[in-house]
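Below are the chains, spelled out letter by letter.
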Amino acid sequence: MAGIVGYGAYVPRHRIKVEEIAKVWGTDAESYKRGLMLKEKSVPAPDQDTITMSVEAARNAVKRAGIDPVLIEAVYVGSESHPYAVKPSGTVVSEAVGTTRNIHCADFEFACKAGSEAMFICIGLVEGGAVRYGLAIGADTSQGAPGDALEYSAAAGAAAFIFGKEDGVARVLHTHTFMTDTPDFWRREYEYYPRHGGRFTGEQAYFRHITTAASQMMEKAKMKPQDFTYAVFHQPNGKFPMKVGEMLGFKREQMEAGWLSPTLGNTYSGSSPMGLTAILDVAKPGEKILMTSFGSGAGSDGFIFEVTKQIDKVRDVAPKTREQLDNKTYIEYGVYAKFRGKIRKAV
Amino acid sequence: MRDVAVIGVGLSEWGELWKRSLREIFVDAASAAIADAGVDRIDSMYVGCMSGGLFVGQEHLASLLSDYLGVASIPACRVESACASGGVAFRQGYIEVASGMNDVVLVGGVEKMTDVGGDGATYALATAADQEYEVYHGVTFPGLYAMMANEHMSRFGTTREQLAHVAVKNHRHGAMNPKAQYPFEVTVEGVLKSVLVADPLRILDCSPITDGAAAAVLCPLDMAKKLSKKPIVRVVGSGHSTDSIALHDREDLTELAATKRAAEKAYKMAEVGPAEISFAEVHDCFTIAEICVIEALGLVERGKGGTAAESGLTALGGRIPVNTSGGLKSKGHPVGCTGIAQIVELTEQLRGESGKRQVKGAKRGLAQNMGGTGGSTTVHILEVE
Amino acid sequence: MFPSRYWREIPQRYRLEAAKCTGCGKVSFPPRSKCPKCGGVEFDEARLPEKGVVKTFTIIRVAPSQFVEQAPYAVGIVELEGGVKITAQIVDCPLEDIKIGQKVRIEFRRLQEDGCSGVICYGYKCVPAL
Ligand SMILES: [Zn+2]
């Protein structure tokens, strides 16, 4: 099997608190904070987008991998907020990172699981021997419509993984996937903000796909929740990943290391991949990690990793995910609205 | 090389000239210079203009302007070296007369800047910096000089107030110049309270956006002596030097090396030193610029430029009056025209025609004109016979 | 900005590719075909380091057309390790906290865009070093 040879995350510096958003729309901040189990979310600066965050996360991954980036032969960027509708994000990332030009490159979109799709495909290409190293990125600068429930959680961040034939910092033990056609959340061509099916996004979408993918994968691997030190799930808010973990039989302690959403928000394609980076920042050799993503539309990808001794050598080579999460500047709603293009200066 | 004299000078009206076009103001200035010279022919012409293309959408200026001046058959050439376009045009005309190629050469400068909005003017002016490695990052001209100001302040202890004193002095001079665009006095407090443009520079640290033209007629000294009834003003020194266009490529961010080199050449040619200069017109596009320039010219010691305006050293009546015209700051700064306008001020001062702002006993004047952040500079020394 | 003009500078904008003179060792950024120090014409490829110090800076409040939406913003001259100086925006730092001598590092950012339908121009900016 393949392994993660390098990993990296990027969290933009700015944050907005739930209170700040609730104040503008006249809603009850406490009930949102309780209901979503979320205090604040990251906000990209006007000069940041999926491409810039992908580049920074990828550079961190290259540092940890300690490889010449020219050996990377595949780059896939998963996002639902690619800056261009037509023109790949991956070409910019590839040039900025300095990969070979004989590279397979594509942008993926599958709502919030575009990042794990990128991981899945890199693992396959590495295992099949088609590429030496593959770079998989999940990144988003997603938007919630003003006043919509999503506005409290839609955040920005990126995670990047370099997969190679060697064990690296974590061996890939198993992968699995589960998908149905479920229209729980979507954004039509030329529309700026997404729409969603409200409570329909829960049981039949998020919970069904994650529990099915994760339990089928554990069955295939002949493993139980107690065999894992860590588990990480897609984090549309703070509450859902804890609940889905409990449904699968995981305990809070197994999920806390990768549970970033209470202070990060939902980074969409970056969500469970960023959780995985936070776990790798603290994991010890021999520990096992279960990751299951979720993307609306809808589907889940599952991965089981085993951490290797290499982790101790590379962990400190690049900024850790929670260090970046702690380096923050709060902004008010007006600045947030400007940063996110909700209001524009007259020019 | 022949000795060369300036026998005629002229300025157009200056300011926000909503009714006047680039070609009209140039013809005004050129006609005034030709009349002042009393010549009946022009053999050749050089026109300094920074960006007819960006300001009014017009290139191929030399032909347009010679046509409108009624001398369409003469060799005419537009010279561009950003804000030093006028100074370089003057030097090209000087070389042509000195060489013997032609006798009566018109050198002019013109810029029509008000046909674009503020951001358009900021953009056009910024083309004098490195497009790919400075302007691409959002830097502006006030921004580049502001960075020089911050460095000068942090390194030499120059104060924010000292910058303001340059504006106060030049406006005091400009208030005595009927041609100045902003002929009013300002106070240190007024400068310090004016709106920020690029920290630490405020709007009253910056030269304005100006429409204007200037012209001078050059001819061999012998011819001038026969022709002119006015005191003869001779070009005794000319220096021209270039430097990296990008500020960040300079070893020392506040030393104007091109100005220093151009001045050395001009002093050597004129066989004088800074102490023998009676007055100077220098390129004070921003208050900090005047401070750095007078240091590079050797009028004050390196790092000591900050105190010159405040102490009165560079004011009218001081040891070396600088920018008696009001400078770019008060008189106005039609960018490609400025270098020629400085020659106009020098000539009038040397002839004793400057009225209330006349420098007593003005014998030898120096004009320093620079492009960009000092990527090009000309220094000329003029002397009255 | 026409795409070819942006595209041509990508190695410098994205990867800070420079040229080191084989004769005297001077690093030129962007690369030049003639060394400004010794006149040499042979170079080794070099990458500028990503850490540096703010030599001087300003806050741009009156911006050129394509930056009007970003104003006010900070621009500085940053001396990177090894001595090469570059002009770059300083971001992710409150404007009032920027200081001469401050340590910064390079990050990849959007620099400008050609309206909402034109090409997006990326490149380097500086952020406070952690
Ligand atoms: Zn060399």
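What you are looking at is a predicted structure, and each value in this text was computed from that prediction instead of being measured. Throughout, a residue's number is its position along its own chain's written sequence, starting from 1. The lettering of chains begins at A and the numbering of ligands begins at 1, in the order of writing. Note on the predicted model: pLDDT of at least 70 is required for a residue's local features to be given, and 80 or more for side-chain atom pairs to be given and counted; whole-chain, interface and lining totals, by contrast, use all residues. The side-chain figures draw on all heavy atoms in the structure; neither hydrogens nor water molecules are used.

Peer 1: Is there a simple way to explain the overall build of chain C in this structure?
Peer 2: Scanning chain C for helices and strands turns up 2 helices and 8 strands. Principal-axis analysis of the C-alpha atoms places the extent of chain C at approximately 45 × 35 × 25 Å. Residues count as neighbours in contact if any of their non-hydrogen atoms are within 4.5 Å of one another. The contacts of chain C with a sequence gap of at least 6 include a subset with a gap of at least 24, amounting to 45%. Total accessible area on chain C stands at roughly 5,800 Å², and carbon and sulfur atoms take up 51% of it. Considering chain C, the positive charge centre built from 20 side chains and the negative charge centre built from 15 side chains are found 5 Å apart. Strands here mean DSSP runs of E at least two residues long; helices mean DSSP runs of H or I at least four residues long; both are numbered from the N terminus. For every accessible area listed, the method is Shrake-Rupley and the probe measures 1.4 Å; residues are considered covered only by the protein chains on display. Residues scored as charged are limited to Lys and Arg (positive) and Asp and Glu (negative), so that His and the chain ends carry no count. Every charge is mapped to an atom, namely NZ of Lys, CZ of Arg, CG of Asp or CD of Glu.

Peer 1: Sorry if this is basic, but what is going on with the overall build of chain A here?
Peer 2: Assigned secondary structure in chain A consists of 13 helices and 14 strands. Both definitions apply: the radius of gyration is a C-alpha atom measure, and the globule rule equals 2.2 Å times residues to the power 0.38. Here the C-alpha radius of gyration of chain A, 19 Å, is about what a compact globule of 347 residues would show, namely 20 Å. Dimensions of chain A, computed from the C-alpha atoms along their principal axes, are close to 55 × 45 × 35 Å. Within chain A, the proportion of its 347 residues that are buried is 64%. Look at the contacts in chain A between residues 6 or more apart in sequence, and 79% of them connect residues 24 or more apart. Here chain A has roughly 13,200 Å² of accessible surface; of this, 52% comes from carbon and sulfur atoms. For the exposure calls, accessible area comes from a 1.4 Å probe over protein chains only, and a residue counts as buried if that area is under 20% of its type's maximum, exposed if over 50%, partly exposed in between.

Peer 1: How should I be thinking about the sheet that holds strand β14 (residues 329-330) of chain A in this particular structure?
Peer 2: Backbone hydrogen bonds hold the strands of a sheet together, and the pairing may be parallel or antiparallel. All names here are of chain A. Pairing within the open sheet is mixed, and its 3 strands lie in the order β3-β2-β14. On the outer flanks of this sheet lie β3 (40-43) and β14, each paired with one strand and no other. DSSP-based pairing: two strands are paired if at least 2 bridges between them are found. When strand β2 (residues 14-17) meets β3, the two strands line up antiparallel, connected through 4 bridges. Bridge assignment links R15 to a residue of β3, and that residue is S42.

Peer 1: What is the right way to read helix α7 (residues 239-248) of chain A from this model?
Peer 2: Given 3.6 residues per helical turn, the α-helix brings residues three or four places apart onto the same face. All names here are of chain A. Turning to α7, its buried residues number three or more, namely P241, M242, V244, G245 and L248. Relative to the axis of α7, the buried residues are bounded by an arc of 165° and lie together on one face. At its buried positions, α7 is contacted by α6 (202-221), β11 (230-233), α8 (252-256) and α9 (261-264). The arc in question is the one spanned by the directions pointing from the helix axis to the C-beta atoms.

Peer 1: Would you explain the coordination of the zinc ion in this entry?
Peer 2: Angles at a metal have ideal values that depend on geometry: 109.5 degrees with four tetrahedral donors, 90 or 180 degrees with six octahedral donors. Residue and element names in this part refer to chain C. Coordination sphere of the zinc ion, protein contribution only: C21 (SG), C24 (SG), C35 (SG) and C38 (SG), at 2.2 to 2.3 Å. Bound by 4 donor atoms, the zinc ion shows angles of 98 to 115° at the metal and therefore tetrahedral coordination geometry. Sites may look incomplete because water is not among the atoms; the donors themselves are N, O and S atoms within 2.8 Å of the metal, or within 3.2 Å for Na, K and Ca. In the primary structure, the donors to the zinc ion are separated according to the pattern C-x2-C-x10-C-x2-C. In this pair, C24 sits in the loop between β1 (17-21) and β2 (27-28) while C38 sits in the loop between β2 and β3 (43-47), placing the two residues 14 residues apart along the sequence. Labels for metal geometry use angle windows, namely 85 to 135 degrees for all angles of a four-donor tetrahedral site, and for square planar (four donors) or octahedral (six donors) sites opposite donors over 155 degrees apart plus all others within 65 to 115; sites meeting none of these are irregular.

Peer 1: Looking at this model, I keep getting lost on the packing of aromatic side chains. Mind explaining?
Peer 2: Centre distance and the angle of the planes are the two values used to describe a pair of aromatic rings. Side-chain rings of Phe, Tyr and Trp, where Trp is taken by its six-membered ring, are said to pair if the distance between their centres is within 6.5 Å; with planes under 30 degrees apart they count as stacked, over 60 as edge-to-face, and otherwise as tilted. According to the stated counting rule, one finds 24 aromatic pairs over all chains in the structure shown. Centroid distance C:F108 to C:Y122: 5.6 Å. Interplanar angle 5°. Geometry classified as stacked. Here the residue C:F108 occupies a position in strand β7 (residues 103-113), and C:Y122 occupies one in strand β8 (residues 120-128), the gap between them amounting to 14 residues. By relative accessible area, C:F108 is classed as buried at 2%. The exposure class assigned to C:Y122 is buried, which follows from its relative accessible area of 1%. An aromatic cluster is present here, built from A:Y206, A:F207, A:F240 and A:F294 joined pairwise through their rings. A ring is scored as having a charge over it whenever the NZ atom of a lysine or the CZ atom of an arginine sits within 6 Å of its centre and within 35 degrees of its normal. Taking NZ or CZ as reference, A:R64 lies 4.2 Å from the ring centre of A:Y7, over its face. Positioned over the ring face of A:F207 is A:K243, at 4.9 Å from the centre of the ring.

Peer 1: Sorry if this is basic, but what is going on with the interface of chain C and chain B here?
Peer 2: Accessible area lost on assembly of the parts is the figure often given for the size of an interface. Opposite the 38 residues of chain C that make contact, chain B presents 30 residues. A 1.4 Å probe defines the accessible area here, and the buried area is the portion of it lost by two parts on being joined, summed over both. Between chain C and chain B, the buried area comes to about 2,900 Å², and carbon and sulfur atoms account for 54% of it. Within this document, salt bridges are pairs made up of a side-chain nitrogen of Lys or Arg and a carboxyl oxygen of Asp or Glu, the two lying within 4 Å of each other. Our enumeration of links across chain C and chain B arrives at 4 salt bridges. Where C:R32 meets B:D249, a salt bridge forms, and the shortest distance between an N and an O atom there is 3.5 Å. Residues adjacent in sequence count toward polar contacts only when both atoms are side-chain atoms; beyond that, a polar contact is any pair of N or O atoms within 3.5 Å, and within protein one must be able to donate a hydrogen and the other to accept it. Counting the contacts that link chain C with chain B gives 20 residue pairs in polar contact (both at pLDDT 80 or more). Counting only elements with at least two residues in the side of chain C that touches chain B, the list comes to α1 (3-8), α2 (10-15), β4 (51-60), β5 (73-80), β6 (85-90), β7 and β8 of chain C. Sort the elements by how many residues they give to the side of chain C that touches chain B and β4(C) lands first, with 6 residues. Counted by class, the side of chain C that touches chain B contains 22 nonpolar, 9 polar and 7 charged residues. When residues are grouped by polarity, Ala, Val, Leu, Ile, Met, Phe, Trp, Tyr, Cys and Pro land in nonpolar, Asp, Glu, Lys and Arg in charged, and all others, Gly among them, in polar.

Peer 1: Hey, could you run me through the interface of chain A and chain C in this one?
Peer 2: Between chain A and chain C, the residue contacts involve 25 residues of the former and 20 residues of the latter. Buried surface at the junction of chain A and chain C, summed over both partners, amounts to about 2,100 Å²; 50% is from carbon and sulfur atoms. The largest share of the area that chain A buries against chain C comes from A:D47, A:Y84 and A:K345, three residues that together contribute 24% of it. If you look at where chain A meets chain C, you find 6 salt bridges. In this structure, C:R110 and A:D49 form a salt bridge, with 2.6 Å as the shortest nitrogen-oxygen distance. Connecting chain A to chain C are 16 residue pairs in polar contact (both at pLDDT 80 or more). When contributions to the side of chain A that touches chain C are tallied by element, the ones reaching two or more residues are α3 (50-65) and α4 (89-97) of chain A. Per-element tally for the side of chain A that touches chain C: the top contributor is α3(A), with 6 residues. Along the lines of polarity and charge, the residues of the side of chain A that touches chain C split into 10 nonpolar, 5 polar and 10 charged.

Peer 1: Any chance you could explain the arrangement of the chains here in plain terms?
Peer 2: Once contacts are tallied for each of the 2 pairs of chains in contact, the highest total is for chains B and C. No interface is formed between chain A and chain B, the nearest pair of C-alpha atoms being 9 Å apart.

Peer 1: Teacher, can you tell me more about the domain arrangement of chain A here?
Peer 2: Residue and element names in this part refer to chain A. As annotated, the domain borders come from an automatic or database domain assignment. Here chain A is described as being made up of domain 1 (3-168 + 320-339) and domain 2 (171-311). Between the C-alpha centres of domain 1 and domain 2 the distance comes to 15 Å. Tallying the contact residues gives 56 residues for domain 1 and 53 residues for domain 2. Roughly 4,300 Å² of surface becomes buried between domain 1 and domain 2 when both sides are summed, with 64% attributable to carbon and sulfur atoms.

Peer 1: Just to check I follow, could you spell out the pattern of salt bridges for this structure?
Peer 2: Oppositely charged side chains can pair when the atoms bearing their charge come close. Using the criterion set out here, one finds 60 salt bridges over all chains in the structure. Taken together, the salt bridges that share partners define one network made up of A:D47, C:D92, C:R105, C:E107, C:R109 and C:K125.

Peer 1: Looking at this model, I keep getting lost on the sheet that holds β2(C). Mind explaining?
Peer 2: Residues and elements named next belong to chain C. Pairing in this open sheet of 3 strands is antiparallel, and the strands run β2-β1-β3 from one edge to the other. Each edge of the open sheet is held by one strand with a lone partner, namely β2 and β3. Summarising the sheet, β1 and β3 pair through 5 bridges and their orientation is antiparallel. The residue of β3 that forms the bridge with C21 is F43.

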